[in-house]
Amino acid sequence: MMDLPCVQWQDHVAQKWTRLDPELKEKFTSLLEIYDVFKFALTLTTQEDLDFVQSISAGYSAEKDAEQAAKCRERGNSSFKTREYTAAALHYSQGICFAPLSSEQLSLCYANRSAALYHLQHYQESLDDIDRALKNSYPSHLLHKLEDRHTQCLKHLSVGQKAKEDQPNPASKNHKDPDRVKRESVDPLTIGIHPQAAVGFSPEKGRHLVAEGRIAAGEVILHDRPYSCVLIPGMEELKEKGRRQDAERAELFGVEHRRCHRCLIETLCPVPCEGCSYSRYCSTSCQRDAWEEHHCWECPLGADLMVMGVMSQLALRVTLKAGLKSIQMARDPIRDEHTSCLNRESSDPCTSYYGDSYSSVFHLRHHLDHHSPGVCFLCAVTIAALYLKLSKAGSPPASWDLSRPLGANSQSPDEEGGIADWNSELWLLGSAVLRHMLQLRCNAQAILMLQDTGAANSPVQSSKEIRIATAIFPTLSLLNHSCCPNTSLVFSTGTRLSADFSENVPESRSTARGVTVTVRAAKVITLGQEILHCYGPHNSRMATQERQRLLQEQYYFLCQCEACTLQQEGGSEGRQQWSGVGGSLQSGLLCGKCKGSLKSSCDHRMSSSEVSHRLQEIRVDLEKAVDLMERERPDEALTLLRRTQSQSGLILAETHPVQGELADATARAYASMGDWNNAASHLERSAAAIGSQYGEDSIELGRQLFKLAQLHFNGSARGPALSVIPKVRELLCLHIGPDCHELQELRAMEDCLRG
């Protein structure tokens, strides 16, 4: 669902809609054009609404605060004393973001972070922080500490460089390195569509991507980057490498604390925004580009944007990046060599493809006629309030070219007796932001990354996908949905790029790094076949009826993909059918009497409530066992897991997903105790369940088999390790590509085993 504004604002706008005069309601719901909706919403948005935003934004402060900086530094000191240096660095970074410019707190936080980075062996970054501390008037009586650390950093850098030149990179017996830095390719990534794919159009499907020739499994179909993206605030637990985890003292840091707010790469030593305490960046170049592109206008709004929600901020960011001239051109497109007209019989610009320019984003369907009146009113009043807030923050961006006259239909609200604010021409800004917010309900793309979920010192990789940002991609948005897609998506952060499609940032000033998505063929795609990806509801995770309901509610279409059609006809070609929440698989449930499938001829029946209750009990025990492992009590976890498995075996087949999760947890427990053979045996059972659920050619199976290869390697099981590595390599190449770091690790393991 959408990242809507906070609940208090939603309730406020809902009450406003309820109290609205029926005639005004009727007029609002009759409007067919975005700019008319926005203009009307402006006339309805009052100072009372703006005051309400102000009252709730007080709880989302983004201002500089020396007192908060001092508290963050104290928390960092506490972590530093217990040698939790990563947590210390993040606390000091928070202090740096809160500290006012040129303040003593800023210099102290920089100096303390340099110490944490030194102990983490990030010597160059430690030197950089020492310089920053000195530039911000670090207390003279403490200078000797920085001078000593500066000398030690230079010494380590010199020794480290010599060691790198002399030392190869052999496989390690403990094959897990959370601090591993992903190798970056020598050549920058080129954005675009594979020559064997082309953009098509039909009234039923709209713009879409089709194969113009055979595309092999694993072949790259397109690289794309978001026109804009926004990090999703949210807390996650920090796992210190080599440190015992105390659940009561677990450090929590949000995605927004650990990643660059422009290119989304992880960083322990962010560069803060000079105006607010929220935004931070991996480098001065990302900081500069974000400021010029959008943050100079977001920064004064501060906490108001947090109240308005991720979608509002993303819609505003897209519009600010585009600028008035690009918006005007998109509203009245002049086709050139970069524009492909896909439907010669239609003058609708939504039937054309504009490459990776702003026009491709502008002409995505906004579905104004499909959104409920309540959703439209919420979006319109939210953007009207945001527009009025922005108008009070300063003059329009200097980069906006206002010299071009507006079109004949461009009438400002004050010309109709409405609100005169900012510059009357710039109501186009607000209408464009509203357009994008409505588009994002159907066209927003979650940026997903793997997050380590195992204990910090676990010898085996354990991870899950998390959503770190919401974005809008000009080309990826062309792909239609399938519940059984023929593509795989991989997101990358901090990627070197060959060009930049920003209209307003000069090429010489554009950053060379950013977020990218790579779309690969997950299977052979033949000539004329449509290229599809999954919007979320997948046939391996959800029943047909539930998938179709969700797609109809959010995307306004009834899915008739291959999976939905086959399952409606009563056949799923051997793939098991999901029954929804909790992962209960109909064909994976056993009869408690005859031990056959619940759908067998046995007359014994089990109610759905009884099944749900027993599954819930199993999941509770599973969570308890995982918590015990996090507390480094694997023997107790193993006892609980054995008991739970004996109970689950009474109602669940070996291939049921919950059985797979139990086997995976048991493998983790054995691995943490150094019992590699038993760990591998249980992980094989887990892999069998995952293969049954997701398919033998799935990335989910590939990741599980990668863990199995690690276990065999750590247990010196040469034969089993060498036998599973080819299958892992095949699946990882298929879905992630030949340059992923997992394949580098596999090659190192294989060389060691064969060496």
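This text goes with the structure placed above it.
As the structure is a computational prediction, the values presented were derived from the model and not from experiment.

Details of the overall build of the protein chain
The number of helices and strands found in the protein chain is 25 helices and 17 strands. Counting across all 755 residues of the protein chain, residues that qualify as buried make up 55%.

Brief notes about the state of the cysteines
As used here, a disulfide is simply a covalent bond connecting the sulfur atoms of two cysteines. Under the counting rule described, the total for this entry stands at zero disulfides. Left unpaired, Cys229 is separated from the closest cysteine sulfur, that of Cys263, by 8.9 Å. Using a relative accessible area of 8% as the deciding quantity, one classes Cys229 as buried. With no disulfide of its own, Cys483 lies 3.7 Å from the sulfur of Cys564, the closest cysteine sulfur. Residue class for Cys483 comes out buried when judged on its relative accessible area of 0%.

Here we look at the pattern of salt bridges
Close approach of charged atoms allows side chains of opposite charge to pair. Overall, the coordinates contain 24 salt bridges when judged by the stated rule. Connected through salt bridges with shared partners, the residues Arg113, Asp129 and Arg132 form a single ionic network.

Details of the packing of helix α21 (residues 657–672) against helix α22 (residues 676–694)
A packed helix pair is summarised by two numbers, namely the angle formed by the two axes and the spacing between the axes. At their nearest, the axes of α21 and α22 sit 8 Å apart, and the two run at 160° to each other. For the element pair α21 / α22, the angle class is roughly antiparallel. Read as a crossing pair, α21 and α22 show a hand that is left-handed. Contacts between α21 and α22 involve Pro657, Gly660, Ala663, Asp664, Thr666, Ala667, Tyr670 and Ala671 on the former and, on the latter, Trp676, Asn678, Ala679, His682, Leu683, Arg685, Ser686, Ala689 and Gln693. Residue classes in the contact of α21 with α22 are distributed as nine nonpolar, six polar and two charged.

Here's the deal with the side chain of Ser107
Mapping Ser107 onto the fold places it in helix α7 (residues 104–119). Classification of Ser107 by relative accessible area gives buried; the value is 0%. Sequence-distant contacts of Ser107, defined by excluding residues within four places in its chain, comprise Ala133, Asn136, Ser137, Tyr138 and Pro139.

As for the pairing of strand β3 (residues 206–211)
Within β3, six of the six residues are buried, leaving the element largely enclosed by the surrounding structure. Across six bridges, strand β2 (residues 197–202) lies against β3 in antiparallel orientation. Residue pairing across strands places Gly200 opposite His208, the latter belonging to β3.

Topic: unusual backbone geometry
Its identity as a non-glycine residue notwithstanding, Arg83 has a phi of 65°, on the positive side. Its place among the elements puts Arg83 in the loop between α5 (66–81) and α6 (85–98). On the basis of relative accessible area, Arg83 is assigned to the exposed category, the value being 56%. Even without glycine at this site, Ser716 takes up a positive phi of about 60°.

Details of the sheet that holds strand β4 (residues 220–224)
The four strands are arranged β1-β4-β16-β15 in an open sheet whose pairing can be described as antiparallel. The open sheet has two free edges, formed respectively by β1 (192–193) and β15 (487–496), since each of these has just one partner strand. Relative to strand β16 (residues 513–521), β15 is paired through eight bridges, and the arrangement is antiparallel. In the sheet register, Val490 faces β16, and the bridge partner there is Thr518. Packing against the sheet, helix α24 (residues 718–735) makes contact with β15 and β16, and its axis sits at approximately 115° to β16.

Considering the environment of Thr666
By the element assignment, Thr666 lies in helix α21. The class for Thr666 is buried, based on a relative accessible area of 1%. Note: C-alpha distance between Thr666 and Ala637 (29 residues apart in sequence) is 8.1 Å. Dropping the residues within four chain positions of it, Thr666 is found in contact with Leu638, Leu641, Gln645 and His682. At 3.4 Å, the side chain of Thr666 and the side chain of Gln645 are in polar contact.

Here we look at the nonpolar core
Grouped together as the largest cluster of nonpolar side chains are 63 residues, with contacts concentrated most on Trp9, Phe28, Phe38, Leu316, Tyr358, Phe377 and Leu434. Those elements that provide at least two residues to this core are α1 (7–19), α3 (34–44), α4 (47–57), α12 (303–308), α13 (310–331), α14 (358–362), α15 (373–391) and α16 (427–443). Considering every element that reaches this core, the biggest residue donor is α15, with 13 residues. Filtering out sequence-adjacent residues up to four positions away, Trp9 remains in contact with Asp49, Phe52, Val53, Ile56, Val307, Met308, Leu378, Val381, Thr382 and Ala385.

Section: the packing of aromatic side chains
Counted under the stated rule, the structure contains 14 aromatic pairs. Taken together, a centroid distance of 5.8 Å and an interplanar angle of 65° make the contact between Tyr35 and Trp427 edge-to-face. Taken as a pair, Tyr35 in helix α3 and Trp427 in helix α16 lie far apart in primary sequence, 392 residues in all. For Trp427, a relative accessible area of 1% corresponds to the buried category. Among the aromatic residues, those joined into a ring-pair cluster are Trp17, Phe28, Phe40 and Phe377. When the ring centre of Tyr227 is taken as reference, the NZ or CZ atom of Lys321 above it lies at 4.4 Å. If you follow Arg435 out to its NZ or CZ, it ends over the ring of Phe362, 3.9 Å from the centre.

Things to note about the sheet that holds strand β13 (residues 463–472)
One open sheet holds the three strands; their spatial order is β5-β13-β12, and the pairing between them is antiparallel. What marks the edges here is a single partner per strand, and that holds for β5 (228–231) and β12 (445–452). Shown here is a sheet whose adjacent strand axes are inclined to one another by a mean of 40°, direction ignored. The pairing of β12 with β13 spans eight bridges and is classified as antiparallel. Paired with Gln445 across the strands is Ala471, a residue of β13.

Some points on the packing of α6 against α7
Following both chains from N to C, one finds α6 and α7 inclined at 160°, their axes separated by 9 Å at the closest point. The angle between the axes of α6 and α7 places the two elements in the roughly antiparallel class. Taken as a pair, α6 and α7 cross one another with a handedness that is left-handed. Only Leu106, Cys109, Tyr110, Asn112, Arg113, Ala116 and His119 of α7 make contact with α6, whose side of the interface consists of Tyr85, Ala88, Ala89, Tyr92, Ser93, Gly95 and Ile96. Looking at the contact of α6 with α7 residue by residue, the classes come out as nine nonpolar, four polar and one charged.

Reading the values: rules and limits
- Residues numbered from 1 in each chain as written.
- Predicted model: local features only at pLDDT ≥ 70, side-chain atom pairs only at ≥ 80, totals over all residues.
- Heavy atoms only, no water.
- Helix = DSSP H or I, 4+ residues; strand = E, 2+ residues; numbered from the N terminus.
- Buried < 20%, exposed > 50% of the residue type's maximum accessible area, 1.4 Å probe, protein only.
- Disulfide = S-S within 2.5 Å.
- Salt bridge = Lys/Arg side-chain N within 4 Å of Asp/Glu carboxyl O.
- Axes fitted to C-alpha atoms, helices over the stretch in contact; angles between N-to-C directions.
- Parallel < 35°, antiparallel > 145°, perpendicular 65-115°, else oblique.
- Left-handed = near helix turned anticlockwise from the far one by under 90°.
- Contact = heavy atoms within 4.5 Å.
- Nonpolar A, V, L, I, M, F, W, Y, C, P; charged D, E, K, R; others polar.
- Pairing = 2+ DSSP bridges.
- Polar contact = N/O pair within 3.5 Å; in protein donor to acceptor, adjacent residues only side chain to side chain.
- Core = buried A, V, L, I, M, F, W, Y, C linked by side-chain atoms within 4.5 Å.
- Phe/Tyr/Trp six-rings, centres within 6.5 Å; stacked < 30°, edge-to-face > 60°.
- Lys NZ or Arg CZ within 6 Å of the ring centre and 35° of its normal.

Limitation: the analysis is restricted to geometry and does not speak to function.
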